[in-house]
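The primary structure of each chain is shown beneath.
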Amino acid sequence: MANLSLHEQFDRIEERKLSDRASGVGIAFTFALVACAPLLRRGGVRWWALCVSGVILLVALWRPRLLHPAAWLGRKLADILGRAVGLVSLALLFYLVITPFGLVRRIFVRDPLGCRIDKTRKSYWVERQPPGPAPESMAHQF
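Rules and cut-offs
- Residues numbered from 1 in each chain as written.
- Predicted model: local features only at pLDDT ≥ 70, side-chain atom pairs only at ≥ 80, totals over all residues.
- Heavy atoms only, no water.
- Helix = DSSP H or I, 4+ residues; strand = E, 2+ residues; numbered from the N terminus.
- Buried < 20%, exposed > 50% of the residue type's maximum accessible area, 1.4 Å probe, protein only.
- Contact = heavy atoms within 4.5 Å.
- Areas by Shrake-Rupley, 256 points an atom, 1.4 Å probe, with all protein chains shown as cover.
- Patch = residues over 30% accessible without salt bridge, like charges linked within 9 Å, V, L, I, M, F, W, Y side chains within 5 Å.
- Salt bridge = Lys/Arg side-chain N within 4 Å of Asp/Glu carboxyl O.
- Phe/Tyr/Trp six-rings, centres within 6.5 Å; stacked < 30°, edge-to-face > 60°.
- Expected span 1.5 Å × (residues − 1).
- Arc of directions from axis to C-beta.

J.: Mind showing me how you'd approach the overall build of the chain here?
T.: Check the secondary structure of the chain and you find three helices and zero strands. In the chain, the succession of helices and strands from N to C terminus is α-α-α. In the chain, buried positions account for 10% of the 142 residues. The long-range fraction of contacts in the chain, counting pairs at least 24 apart against all pairs at least 6 apart in sequence, stands at 47%. Entry remark: accessible area of the chain is about 13200 Å², with carbon and sulfur atoms responsible for 67%.

Here you go:
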């Protein structure tokens, strides 16, 4: 049962809708890129990949339902890769950026918030200069 006091509902699983035709065109485009990639280094076109790209493009335009298993597998693979890349990138960000920053800050900045206990102080109250508004002005705050 969903917790109605929360804005987001985490118990709902949302299935992304992607057409078989769009998936087929994407696969054909990928094979076309593989076919033309050697041209960047003055190589020849990979004709086998270009033929596969053409066949998949024809199937995607003529009978896209035949590509449904490949589209389903591609979606599942993309979900797995997306989760893995997200976790790895967040871990790298945390351990390579945030952790060293925190350690350096802890070494060089002694007590930025003044939270350490000092037994020689009478009070931790910080006097405001100039003093704030009069207490009478706070009667009806809300």
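J.: Hey, could you run me through a nonpolar patch on the surface in this one?
T.: Taken together, the side chains of V88, L90, L92, L93, F94, Y95, L96, V97 and I98 make up a nonpolar region of the molecular surface, amounting to roughly 910 Å² of accessible area. Structurally, the position occupied by I98 is in helix α3 (residues 68-108). The class for I98 is partly exposed, based on a relative accessible area of 44%.

J.: Hey, could you run me through the packing of aromatic side chains in this one?
T.: A ring pair, where both rings are aromatic, is described by two values, the distance of the centres and the angle of the planes. Applying the stated criterion across every chain yields a total of one aromatic pair. Geometrically, the ring pair formed by F94 and Y95 is edge-to-face, given 5.0 Å between the ring centres and 85 degrees between the ring planes.

J.: I tried to follow helix α2 (residues 47-62) on my own but got confused; where do I start?
T.: Helical geometry note: an α-helix holds 3.6 residues per turn, so side chains three or four residues apart project in the same direction. Its 16 residues place the ends of α2 22 Å apart at the C-alpha level, agreeing with the 22 Å of an ideal helix rising 1.5 Å per residue. Residues A49, S53, I56 and A60 constitute the buried set of α2. End-on view of α2: buried residues confined to an arc of 70 degrees, all on one side of the axis. Facing away from the buried side of α2, by more than 90 degrees, are the exposed residues W47, W48, V55, L58 and W62. Contacts made by the buried residues of α2 are with α1 (20-36).

J.: Where do I start with unusual backbone geometry in this structure?
T.: Negative phi values dominate among residues other than glycine, just as trans dominates among peptide bonds. The omega torsion across Q129 and P130 is -5 degrees, close enough to zero to call that bond cis. Tracing the backbone through its elements, the reader meets P130 in the segment after α3. Even without being a glycine, R42 presents a positive backbone phi close to 60 degrees. Secondary-structure assignment places R42 in the loop between α1 and α2. You can call R42 exposed: its relative accessible area is 77%.

J.: Is there a simple way to think about the pattern of salt bridges in this case?
T.: A side chain with one charge can pair with a side chain of the opposite charge if their charged atoms come near. Tallying each qualifying case throughout the model produces two salt bridges. A cluster of three or more residues bridged by salt bridges with shared partners is formed by D20, R65 and R75.

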